[in-house]
Amino acid sequence: MSNFTPWSALLGGMLLGLSASLLLLLSGRTAGISGVLGGIFGAAKSEWPWRVAFVGAMAASVLVTQPLGVSVPVLPNYSLAWIVFAGLAVGVGTQLANGCTSGHGICGIGRFSPRSIVATGVFMITAALVVGVSAYLGAGYV
Amino acid sequence: MYKIIVGLITGLLFGLGMNISQMVDPNKVLNFLDVFGAWDASLAFVIGGALLVFTPFYHLIIKPRGRAINGDEYRCVPTNQAITKRLIGGSVLFGIGWGMVGICPGPAVASLLRGEAAIYWFLLSMLLGHYLSKRLFSRA
C-alpha cells in the first residue's frame, strides 16, 4: 500500500461531513459541489449569492492550509485533450446523475438514499476500471 | 445575508476538508482507485469520516426538524426515487472522467487558487458539460 494517511483522511472527511451537516441544517441546501456549480445555469437569482460565497470560501481554504504545511499536490502531466474530455464527461455525467462524490457519496449515502448508493457504486467501479485500463495502456499523457 | 454567511462558513469547512484529507491530490485519488495496483486506502477514510459525522447528524437532528433553521425546505429530498437509466448512465460518464484525471468537482474548486492551467481547463469543460446537458436533456 502506497503512502497511507488514515488520520489526515479521517479528519478531513469529518470536516466535509460537518460542512454538509451545517449547510443542510442551517440553510436547507445540499453540499453537492456539482449541484452548487451546475445550478448556475437556470438557478433562481436568489440562489446565486450563497453559491458564490460557498465556492469562494472553498477556494480560499488553501490560504489557511498552506501556512499549516499541508502539502500542495502536483498535477499529473496530462494532455489538454485528455483533461477537456474528462471535464466534459464529469460535467455531463454529474448533471444527468444529479450528483458527484459529495452529493451522492456523502449526503445521499448518509440519508440512506438507494439512488445515491447505486450511483456511488457505479461511478466508483467505473473509475477504478478506467484507472486500471489507462494505467495498462499508458494513456493520457503528453 | 444569513445564507451568504452560512455559505462562507460551510464552504471554508468543505475546502479545509478537501485539503486536509488530500482529496485535492489527483495522485492520491488515482492510487485509491487503483485497486489492482499500489492501492492507497486513505480515501475510504475520507468518505468514512464524512459519513461518521453526517449520518447521525442527519438522522438525529436534521430529519426530525422537518425544515432548516432558517425555515427553508430541505432541497435534498428527491422527488424521484427510481433507479433510472439516466442515473446509471450519468454515473458511468462521471466515473470515466474521474478515473481519467483523478479530479472531481469538489477538489477542482478547492484547487482554484493554486492557479494551475489544468484545473481551469477541467472546470471550464465541466461547466460546458453542465450547460450542454441542461440544453440537450430536458429534466426526466
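It should be emphasised that the depicted structure is a prediction, and the values quoted were computed from it without experimental measurement.

Q: Got a minute to help me understand the environment of Ala20 of chain A in this structure?
A: For Ala20 of chain A, the position within the fold is in helix α1 (residues 6–27). For Ala20 of chain A, the residues in contact, after removing those within four places along its chain, are Ala31 and Cys107 of chain A together with Phe54 of chain B.

Q: When you look at helix α6 (residues 114–137) of chain A in this model, what are you seeing that I'm missing?
A: An α-helical turn contains 3.6 residues, so a residue and the one three or four places further along point in the same direction. Relative to the 34 Å expected for 24 residues at 1.5 Å per residue, α6 of chain A spans 35 Å between its end C-alpha atoms, a close match to the ideal helical length. One or two steps after α6 of chain A, the chain reaches Gly138 of chain A, where phi turns positive at roughly 65°.

Q: I tried to follow the interface of chain B and chain A on my own but got confused; where do I start?
A: By a widely used convention, the size of an interface equals the accessible area lost when the partners come together. Residue-level contacts link 108 residues of chain B with 103 residues of chain A. Among the residues of chain B in contact with chain A, Phe14, Phe54 and Met100 of chain B are the three that bury the most area, contributing 8% of the side total. Linking chain B to chain A there are three salt bridges. Between Asp72 of chain B and Arg29 of chain A there is a salt bridge whose closest N-O contact spans 3.3 Å. Between the two partners, chain B and chain A, sit 20 residue pairs in polar contact (both at pLDDT 80 or more). Contributing elements (two or more residues each) for the side of chain B that touches chain A: α1 (2–20), α2 (26–33), α3 (42–65), α4 (85–101), α5 (105–110) and α6 (117–136) of chain B. Top element by residues in the side of chain B that touches chain A is α1 of chain B. It accounts for 17 residues. Taken together, the residues that form the side of chain B that touches chain A break down as 66 nonpolar, 28 polar and 14 charged.

Reading guide: rules and limits
Residues numbered from 1 in each chain as written. Chains lettered and ligands numbered in written order. Predicted model: local features only at pLDDT ≥ 70, side-chain atom pairs only at ≥ 80, totals over all residues. Heavy atoms only, no water. Helix = DSSP H or I, 4+ residues; strand = E, 2+ residues; numbered from the N terminus. Contact = heavy atoms within 4.5 Å. Expected span 1.5 Å × (residues − 1). Buried area = accessible area lost by both parts, 1.4 Å probe. Salt bridge = Lys/Arg side-chain N within 4 Å of Asp/Glu carboxyl O. Polar contact = N/O pair within 3.5 Å; in protein donor to acceptor, adjacent residues only side chain to side chain. Nonpolar A, V, L, I, M, F, W, Y, C, P; charged D, E, K, R; others polar.

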